[in-house]
There are 2 protein chains.
Amino acid sequence: MAEGSKKFVEQITDRDTDFAQWYTDIVKKADLIDYSSVKGCMIIRPYGYAIWENIQRLLDTRFKATGHQNVYMPMFIPESLLQKEKDHVEGFAPEVAWVTMGGSEKLTEKLCVRPTSETLFCEHYANIIRSYRDLPKLYNQWCSVVRWEKTTRPFLRSREFLWQEGHTMHATAKEAKEETIRMLDIYADFFENDLGMPVVRGQKTEKEKFAGAVATYTVEALMHDGKALQGGTSHYFGDGFARAFDIQYLDRDNTLKYPHQTSWGVSTRIIGGIIMTHGDDSGLVLPPAVAPIQVIVIPVQQHKAGVMEAAEDIRARLAVKFRADADYTDNSPGWKFSECEMKGIPLRVEIGPRDIEAGQCVIVRRDNREKIVTPLADLERVVEEQLKDITKSLFEKALQNRENRTENAHTMEELIEIASTKSGYIRAMWCGDRACEETLKEKADVTSRCIPFGQAPIGDTCVCCGKPATKLVFWGKAY
Amino acid sequence: MAEGSKKFVEQITDRDTDFAQWYTDIVKKADLIDYSSVKGCMIIRPYGYAIWENIQRLLDTRFKATGHQNVYMPMFIPESLLQKEKDHVEGFAPEVAWVTMGGSEKLTEKLCVRPTSETLFCEHYANIIRSYRDLPKLYNQWCSVVRWEKTTRPFLRSREFLWQEGHTMHATAKEAKEETIRMLDIYADFFENDLGMPVVRGQKTEKEKFAGAVATYTVEALMHDGKALQGGTSHYFGDGFARAFDIQYLDRDNTLKYPHQTSWGVSTRIIGGIIMTHGDDSGLVLPPAVAPIQVIVIPVQQHKAGVMEAAEDIRARLAVKFRADADYTDNSPGWKFSECEMKGIPLRVEIGPRDIEAGQCVIVRRDNREKIVTPLADLERVVEEQLKDITKSLFEKALQNRENRTENAHTMEELIEIASTKSGYIRAMWCGDRACEETLKEKADVTSRCIPFGQAPIGDTCVCCGKPATKLVFWGKAY
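Predicted, not measured: the structure shown is a model, and the values here were computed from it. (Residues numbered from 1 in each chain as written. Chains lettered and ligands numbered in written order. Predicted model: local features only at pLDDT ≥ 70, side-chain atom pairs only at ≥ 80, totals over all residues.)

Enquirer: Hey, could you run me through the overall build of chain A in this one?
Expert: In terms of regular secondary structure, chain A is built from 14 helices and 23 strands. Relative to its length of 479 residues, chain A is compact, with a C-alpha radius of gyration of 25 Å against a globular reference of 23 Å. Judged by the C-alpha coordinates and their principal axes, chain A covers about 80 × 55 × 50 Å. Residues counted as buried form 49% of the 479 residues belonging to chain A. Long-range contacts, defined here as pairs at least 24 residues apart, represent 68% of the contacts in chain A between residues at least 6 apart. (Helix = DSSP H or I, 4+ residues; strand = E, 2+ residues; numbered from the N terminus. Rg over C-alpha atoms; globule rule 2.2 N^0.38 Å. Buried ≥ 20, exposed ≤ 12 C-beta atoms within 10 Å, placed from the backbone. Contact = placed C-beta atoms within 7 Å.)

Enquirer: How do you make sense of the interface of chain B and chain A when you look at a structure like this?
Expert: Residue-level contacts link 49 residues of chain B with 49 residues of chain A. Listed by contribution, the elements that provide at least two residues to the side of chain B that touches chain A are strand 2 (43-44), helix 2 (46-65), strand 3 (69-70), strand 4 (76-78), strand 5 (97-102), helix 5 (118-128) and strand 8 (160-170) of chain B. It is strand 5 of chain B that contributes the most residues to the side of chain B that touches chain A, 6 residues altogether. In terms of residue class, the side of chain B that touches chain A is built from 25 nonpolar, 14 polar and 10 charged. Judged from the 5 bridges that link them, strand 5 (residues 97-102) of chain A and strand 5 of chain B form a sheet pairing that is antiparallel. The residue bridging Val99(A) from the neighbouring strand is Val99(B), located in strand 5 of chain B. (Nonpolar A, V, L, I, M, F, W, Y, C, P; charged D, E, K, R; others polar. Pairing = 2+ DSSP bridges.)

Enquirer: Even after reading the chapter, I still don't get the sheet that holds strand 5 of chain B, so can you show me in this structure?
Expert: Whenever strands of a sheet pair, they do so through backbone hydrogen bonds, lying parallel or antiparallel. Read across the open sheet, the 6 strands follow the order 4(A)-6(A)-5(A)-5(B)-6(B)-4(B); overall the sheet is antiparallel. Whereas interior strands pair on both sides, the edge strands pair on one side only; in this sheet they are strand 4 (76-78) of chain A together with strand 4 of chain B. On average, each strand axis in the sheet is tilted by 45° relative to the strand beside it, whichever way the strands run. The pairing of strand 4 of chain B with strand 6 (residues 105-113) of chain B spans 3 bridges and is antiparallel. Counted as the bridge partner of Ile77(B) is Cys112(B) from strand 6 of chain B. (Axes fitted to C-alpha atoms, helices over the stretch in contact; angles between N-to-C directions.)

Enquirer: Just checking my understanding: could you explain helix 13 (residues 412-421) of chain B for this structure?
Expert: Count 3.6 residues to each turn of an α-helix, and residues three or four apart come out pointing the same way. Residues and elements named next belong to chain B. Those residues of helix 13 lying buried are Leu415, Ile418 and Ala419. Buried positions in helix 13, seen along its axis, are confined to an arc of 95° and lie on one side of it. Within helix 13, the exposed residues directed more than 90 degrees away from the buried face are Glu413, Ser420 and Thr421. At its buried positions, helix 13 is contacted by strand 20 (406-408), strand 21 (425-430) and helix 14 (434-444). (Arc of directions from axis to C-beta.)

Enquirer: Which parts of the structure should I look at to understand the sheet that holds strand 16 (residues 324-326) of chain B?
Expert: Residue and element names in this part refer to chain B. Strand order in the open sheet formed by 5 strands is 16-15-17-18-19, and the pairing between neighbours is mixed. The open sheet is flanked by strand 16 and strand 19 (371-375), the only strands paired with a single partner. The average undirected angle you get between the axes of adjacent strands in this sheet is 25°. Examined bridge by bridge, strand 15 (residues 295-299) and strand 16 share 3 bridges and lie parallel to one another. Across the sheet, residue Ile296 finds its bridge partner in strand 16, namely Asp325. Where helix 10 (residues 333-342) meets the sheet, its contacts fall on strand 15 and strand 17 (347-351), and the angle it forms with strand 15 comes to roughly 170°.

Enquirer: Whenever I open this one, the relation of the copies chain B and chain A confuses me. Can you help?
Expert: Both copies of the chain are related by one operation, a rotation about an axis with a shift along it. Superposition of chain B onto chain A requires a rotation of 180° combined with a translation of 0.0 Å along the rotation axis, giving an RMSD of 0.0 Å. Overall, the copies show the geometry of a two-fold rotation axis. By C-alpha distance to the rotation axis, the residue of chain B lying nearest is Val99(B), at 2.1 Å. When you check the interface residues of chain B against chain A, 100% turn up at the interface there too, and the contact is symmetric in its surfaces. (Least-squares fit on C-alpha atoms with pLDDT ≥ 70 in both.)

Enquirer: Looking at this model, I keep getting lost on the domain arrangement of chain A. Mind explaining?
Expert: Where interface size is given, it is often the accessible area lost as the parts come together that is meant. Residue and element names in this part refer to chain A. Domain assignment breaks chain A into domain 1 (19-278), domain 2 (295-393) and domain 3 (406-476). Domain 1 and domain 3 are separated by 28 Å when their C-alpha centres are compared. Domain 1 puts 16 residues into the contact, and the matching count from domain 3 is 14 residues. Secondary structure elements with two or more residues in the side of domain 1 that touches domain 3: strand 9 (199-203) and strand 10 (215-222). (Domains from an automatic or database assignment.)

Enquirer: Mind showing me how you'd approach the environment of Met342(A) here?
Expert: Mapped onto the secondary structure, Met342(A) falls in helix 10 (residues 333-342). Sequence separation between Met342(A) and Ile12(A) is 330 residues; the distance between their C-alpha atoms is 9.2 Å.

Enquirer: Would you mind showing me how to read the environment of Arg252(B) here?
Expert: All names here are of chain B. Relative to the elements of secondary structure, Arg252 occurs in the loop between strand 12 (249-250) and strand 13 (256-257). Residue Arg252 is classed as exposed on the basis of its C-beta count, with 9 C-beta atoms lying within 10 Å. When the C-alpha atoms of Arg252 and Ser131 are compared, they prove to be 8.3 Å apart, with 121 residues separating the residues in sequence.

Enquirer: Just checking my understanding: could you explain unusual backbone geometry for this structure?
Expert: Note: most peptide bonds trans; most residues except glycine with negative phi. The peptide bond linking Leu135(A) to Pro136(A) adopts the cis configuration, its omega dihedral lying at -10°. Counting through the fold element by element, Pro136(A) comes out in the loop between helix 5 (118-128) and strand 7 (137-146). One non-glycine residue with positive phi stands out, namely Asp31(A), at about 60°. Here Asp31(A) is to be found in the loop between helix 1 (19-29) and strand 1 (33-34). Notably, Asp246(B) is not glycine yet its phi reads approximately 55°, a positive angle.

Enquirer: Mind showing me how you'd approach the packing of helix 2 (residues 46-65) of chain A against helix 6 (residues 173-194) of chain A here?
Expert: Residue and element names in this part refer to chain A. For the pair helix 2 and helix 6, the least separation of the axes is 11 Å and the interaxial angle reads 140°. Here helix 2 lies oblique to helix 6, going by the angle between them. At the point where helix 2 passes helix 6, the crossing takes the right-handed sense. Each of Leu58, Leu59 and Arg62 in helix 2 lies in contact with helix 6, whose residues at this interface are Ile186, Phe190 and Asp194. Class assignment of the residues belonging to the contact of helix 2 with helix 6 gives a composition of 4 nonpolar, no polar and 2 charged. (Parallel < 35°, antiparallel > 145°, perpendicular 65-115°, else oblique. Left-handed = near helix turned anticlockwise from the far one by under 90°.)

Enquirer: Hey, could you run me through helix 9 (residues 307-319) of chain A in this one?
Expert: Residues and elements named next belong to chain A. The first and last C-alpha atoms of helix 9 sit 18 Å apart over 13 residues, in line with the 18 Å expected at 1.5 Å per residue. Turning to helix 9, its buried residues number three or more, namely Ala311, Ile314, Arg315 and Leu318. Seen along its axis, helix 9 keeps its buried residues to an arc of 100°; they face one direction. Opposite the buried face of helix 9, by more than 90 degrees, sit the exposed residues Glu309 and Ala316. Buried residues belonging to helix 9 abut strand 15 (295-299), strand 16 (324-326), strand 17 (347-351), strand 18 (360-365) and helix 12 (379-404). (Expected span 1.5 Å × (residues − 1).)

Enquirer: Just checking my understanding: could you explain the environment of Leu284(B) for this structure?
Expert: Residue and element names in this part refer to chain B. For Leu284, the position within the fold is in the loop between helix 8 (269-278) and strand 15. Judged by the 27 C-beta atoms lying within 10 Å of it, Leu284 is buried. Linking Leu284 and Cys340, residues 56 residues apart in sequence, is a C-alpha distance of 9.1 Å. Those residues in contact with Leu284, other than ones at most four positions away along the chain, are Ile26, Ala30, Ile275, Gly279, Met342, Lys343 and Gly344.

Enquirer: Help me understand the confidence of the model for chain A in this model?
Expert: Caution applies to low-pLDDT regions: their predicted coordinates should not be interpreted in detail. Residue and element names in this part refer to chain A. Mean pLDDT over chain A works out to 96, with 98% of the residues at or above the 70 mark. Note on residues 1-7: pLDDT is under 50 here. Beyond four places in sequence and across chains, it has 17 contacts. Predicted as a complex, the structure gets a pTM of 0.96 and an ipTM equal to 0.95. (pLDDT = per-residue confidence, 0-100.)

Below, the structure written as structure tokens:
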């Protein structure tokens, strides 16, 4: 697994000294990305891309199990098509890349590189939806999209990123709303049970919702530094796009109706979220479900008789059931330990002459460094148990961080005080007015993260204007 | 599986009446693609995309088994980067799409949407290759690419298409050449054993090789109408790009050397090749390895007692091992048969009251319409055998077509006569001069398809100029 010419594991910035630099160090030194002359875009290297492949597989399986089918739409959107839905074009036009020439000829109509594909899906749906028997349409697409951001950071905000975008059409509003929540729940399940990342499920405010949506739902995760990360969103569109694109179906009652629409997506941003939730001063810490290598075997005193054979025997046994690898390079064991810590490999198995004699190996957890002396006969069972337990521990640790970093604010002064001294979620009541949302941004530099499901009000007046309020909102700073 | 609102299976043009129209009918009526307002691009619909997913899986497994890793490069290439290798930019610049604006701002340097990614990989390799220990680098990428074609056809020639592009770097020319052939052989194996498409492996002439390559190798398939299709290519670059991009490694002997490079790719064009090799007047005929549905159960007299239960029992048994589906809509069995023929499903299983009584079902092959009365106890075994046999039969039939359509030409007159009266490969000797290649194009409207491996000369003078010739070339018309 080790890159050939590297001589030692380079140091990274301490996480608590400079979180941003620590993040940048990890994405580079764990070999996740590289930069190129294409400004604002990233090269996703084999180790980073393997994480994405695991994310894709785990989500795609869930999508297909709930009846979704994959398709592929063109990467270009003609300007006139993008303009068909007013709110949508206003939201996206300022940040798209425009193709204006094909070969040496100027195009008669410029094309944008898709920032999202609602318009393309709608044009297609207008062609293929005729009757109630054609519904629902449950499509998804894995692709890259482009948004011309001014400031970029690997995985978190990149001019090009990889994602999936689900686009579905339903006969009724009720069915479409159920789909919106079904997919949000799939994201929440994936974040919590596969990635060990606790999320708050909730609704976005009008100000923060997706351009063109009736309602946007989100799963929000809190990073180690107390800033929030929007993990995935699920949008309910009503029949707005259907009307704009003239999509109608003949219902059972023989009348023409507009179908109701959803879209939902997650992106390579998830990888940034994993780093900032679980990583530590030694590097990346990967949840086993998406780790390219779940367990690595490292021989100790590998030149002594029988060590390499024993290591290879362990690797081969583990490879039957897990993503297993071994490091047989002639680097020192200490170097190898650092390297697999930097790369966030969940478990390493150390095996040396004394272990062989005792019929055991030493399993070391990446997340808490616990050493588990394991009889060789129990190898697979212990590895399986530990991998499960790591996901659980990561989740609990992240949940603890979130709880430590969540405060209630009952007054504006209190909110400003918390926002200026601490980093995390601030729970406060809100009247629903955009003006108050803007005041909070201005005075406390926080945005509404979401109106969480399962509302448990902590007061009855808006923290900003003092008018009656029924909505509890999570406020904070976000990536 | 059936689309909801379709009332009957629409007719398609006869294959021998109008091959081009027959092709277009199939891609639309088998629900493989749809058109959009994005000219020259296609929407790949769920049934078409599922074929591509199977192609990806089968190839990706082979790539990973031979040590390759997937990465993701930016989709844009700055003009100055594209220009670094002279032959390369000359070949591609005339047919790229140019992004000139980001948001509302004009870019200081225009970016092309990648037509292929040699330049991006080389820039990255210059960053990460330092020592002989870093070699080989065996990278692959699954992505979409854009070439601004004037005339387009779904799958065969589209402004945007999906593909994989492998890009590798090796310490020596020998290793790189071996890689080039290794990947060509993987393509040949995939075409012949998974897709039932016989291919000719060979080298492209200087005129037909990839822009910037030292040598291009190809697997060429012959379509039912006698036109050739370049199925996949594998290029050896020598150290030309390495020199242009200043990629050097420190070798064991402590001197700096240029590494040797390959690239290789196949695209969604393969789907067009499958259609044109195996399809018939009833629609698509899919090789089992890539068929989204390998076997479909169709109940006959489904309203009679026990029929639906028996059908579902068969479907459930088959789903354990195969990609199985059933059609329980209230369309007639005849309609369903036509529908699954149009979609090219390799096997259908018919089950009705009399079959149930006799403890059997009827398995019908798509390729030759053979009906196999099968005791229910033998279901899985027979389905497995038949799926294997279908691939073999498809291959043999396609091979027979190729043999029927391959002729030897010993004189120019003979070659012109064959080219003007028949469609297929013409085998003829060639001196190696580009001028003769151009004369053949002008006078007989054929291009060199490849210089096949395992040369068996049929003469010793060039069919065009009469000078000494040692190379046997396959000539023909091509997609």
